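The primary structure of each chain is shown beneath.
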Amino acid sequence: MQKNNRNFICALIAVLFAICFFVGKHFDKGWKLQLDIWCIMKLILTVAVVYFAVCCIYKGMDLLGRGRIRKNRINELVFEKNRGKNIWPILILLWLPNYVLYFPGCLTYDAINQLEQFVSGQWTNHHPILTTFIESAIVVPLKNIGRFEMGTAVYLMIILLFSSGVVAWGFQWMRKHEISYAVRWAGLIFFGFYPLWSAYARTLVKDTLFYPVFYLFILQVMDIVFYDGKFFDCKRKIFKFSLLCLLLCLIRHNGFYIVAATLAGLIWFCRNNRGKCVIIFFAVVIFWEGYNAALPALGVVPGGKQEMLSIPFQQTARYVKEHGGEVTEEERRAIDRVLDYKVIAENYDPNLSDPVKNTYRQKDEYLGDYFRVWWQQFLKHPKTYIKATLNGTYGYYAWKNKIKYPFGYNVQPEGHRLYATDYKLTFNSKLEKERALYEKAATAVFVRGPLKILTESMLYNWFFILLFGYMIQNKQIRRYWVIFLPFWVSFFICLASPVNGDLRYMLPVMSVWPLYLAFIVRQTAEAKQKLKEQGQGN
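On a predicted model such as this, the values are computed, not experimentally measured, just so you know. (Residues numbered from 1 in each chain as written. Predicted model: local features only at pLDDT ≥ 70, side-chain atom pairs only at ≥ 80, totals over all residues. Heavy atoms only, no water.)

> Help me understand the nonpolar core, please; the structure alone is not making it clear to me.
With 149 residues, the main nonpolar core has Tyr194 and Phe241 as its most contacted residues. Per element, the largest residue contribution to this core is 15 residues, and it comes from helix H10 (residues 207-226). Excluding residues within four positions of it along the chain, Phe241 makes contact with Phe217, Gln220, Val221, Ile224, Phe231, Phe232, Leu263, Leu266 and Ile280. In this structure, Ile344, Tyr348, Tyr360 and Tyr370 belong to the second largest nonpolar core, which totals 21 residues. (Core = buried A, V, L, I, M, F, W, Y, C linked by side-chain atoms within 4.5 Å. Buried < 20%, exposed > 50% of the residue type's maximum accessible area, 1.4 Å probe, protein only. Helix = DSSP H or I, 4+ residues; strand = E, 2+ residues; numbered from the N terminus. Contact = heavy atoms within 4.5 Å.)

> Looking at this structure, how should I read the layout of surface pockets?
Any empty space left between atoms is shown by rolling a water-sized probe over those atoms. Each pocket or cavity is described by its volume, and for the second largest pocket that value is around 620 Å³. Lining the second largest pocket are 21 residues, with Trp169, Leu216, Gln220, Asp223 and Lys240 positioned closest to its centre. Elements with a minimum of two residues in the lining of the second largest pocket: helix H7 (148-176), H10 and helix H11 (235-251). Tallied by class, the residues present in the lining of the second largest pocket amount to eleven nonpolar, two polar and eight charged. (1 Å grid on protein atoms, 1.4 Å probe; cavity = no way out; pocket = protein on both sides within 12 Å on 5 of 7 lines; lining within 4 Å. Points joined across faces, edges and corners; volume = space filled by probe spheres on them. Nonpolar A, V, L, I, M, F, W, Y, C, P; charged D, E, K, R; others polar.)

> Help me understand the side chain of Gln523 in this model?
Considering the arrangement of structural elements, one finds Gln523 in helix H25 (residues 513-537). Excluding residues that lie within four positions of it along the chain, Gln523 makes contacts with Phe226, Ile477 and Tyr480.

> Teacher, can you tell me more about unusual backbone geometry here?
Leaving glycine aside, a negative phi is the common case for residues, and trans is the common case for peptide bonds. The step from Phe103 to Pro104 runs through a cis peptide bond, and the omega angle for that step is 10°. Mapped onto the fold, Pro104 is located in the loop between helix H4 (87-101) and helix H5 (109-120). Of note in the backbone geometry, Arg83 takes a positive phi value of approximately 55° without being a glycine. Here Arg83 is to be found in the loop between helix H3 (73-80) and H4. When its relative accessible area of 55% is taken as the criterion, Arg83 is described as exposed.

> Would you mind showing me how to read the pattern of salt bridges here?
One side chain can pair with another of opposite charge once the charged atoms of both are near each other. Using the criterion set out here, one finds 18 salt bridges in the structure. A salt bridge links Glu80 to Arg175, with the nearest nitrogen and oxygen atoms 3.1 Å apart. Highlighted residues: Glu80 in helix H3 and Arg175 in helix H7, separated in sequence by 95 residues. According to the relative accessible area criterion, Arg175 is partly exposed, its value standing at 28%. Linking Arg361 and Asp336 is a salt bridge whose minimum nitrogen-to-oxygen distance equals 3.1 Å. In this pair, Arg361 is assigned in the loop between helix H17 (354-357) and helix H18 (367-380) and Asp336 in helix H15 (residues 329-336), connecting sequence segments 25 residues apart. If you follow the salt bridges from partner to partner, you end up with Asp110, Lys206, Asp207, Arg252 and Arg504 in one network. (Salt bridge = Lys/Arg side-chain N within 4 Å of Asp/Glu carboxyl O.)

Okay, here's the thing in structure tokens:
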């Protein structure tokens, strides 16, 4: 029976991957999707190859789960000595060169906007107010005394220490659960030598606060599942977990959806502690609603609804671009009350919704009329809507050739209107040659070379889909599906995001793949050991 389950899961993944592969090639390379004999043959061949590959991967995971922890001097020194605390200084040493090369740090458009809120006192929750305060509380006071470079450098050093420390904590967790050294080495090499992580550690952007909190949240969820809900017997652990849930909501708006979905899953999983999970769930929901209601009273302008409407706005813009002649005067007025009808067709970028959604007029009362028109136009030209959606999302599930900042930010936001006058920050001129060499080498390896695959969002999403399938096909560990809720919510949030295939939005998911692999391998090994013991007992 389990073999049949595996075959079905492998076949399902192969079919889905083949479809996504051809969709990606269509929009990225201009391949024509025509159901002729040649196309069908290529599709069948792709399904067969992927099916065989998935079967081999699952077989390899079976063997990985049976492997014993083999200790040697190198493994002991790196992962075991000082109770596994050596990983933190190792990561710091590996990340420091990037920090030094781009000293005092790299700014972003969002960071300047957030710092300016603190300076001007005109607060908005477009970017989470907590991240604005954390960044500005360190940077702005030093900027006010003419030490902007020092303020940025100090804040980013704190971020480097914080994010590397959180990642190192994950390795201590793997040590505690006796995870295979192969998994631990893979994780260490990924975090230590893929420069994306060290680059973000010296970049002023809110995501460097979010992904470490997400990482800690996943560790807590896995501990809850590991101990079958006994985690909630400790009040101190309940407090820490509840605090992480709130932080995840406060540091990024979509964190609320991740927390809510995960808590709902834990209510099902933790049968002996269901009441405590229900209390935490409703406490988070009530806090979130109260928090958002209180911000306007405190003078904080709420974030606009356009952040959640990238997909329909892009569909409308493409419809107007391709079928503008069919738009009636009534439809035009309904759209124009919400978006600037005159420019959305011209502004339409298939891979980026900002040029369209930034024309949102902040008139929420007209959204009902807009969506009635949106639905009517969908019925007229559904293919246009489907193309707009696929064209703006394929980078998360298919190959995308052009990736923005594939190894992290390496330029300043000179195009920002306030950069030259108020927030100018230049890299150390003495290291200009070294930076050029580094960027040339990184481009050769991660843009044109064999490791370009690491810059593809699809790699990580399909990795999680493979892990999820491996878990589902095994009835002994199937009940742990709840740990994948944060991934699935994050995946759909990425699909609804304004940028196609952006690695910045993928940081949370990318950071936790070693933890998920460790969990699945460990639970598979334990399930096999229990079956073996039961067989011997009988």
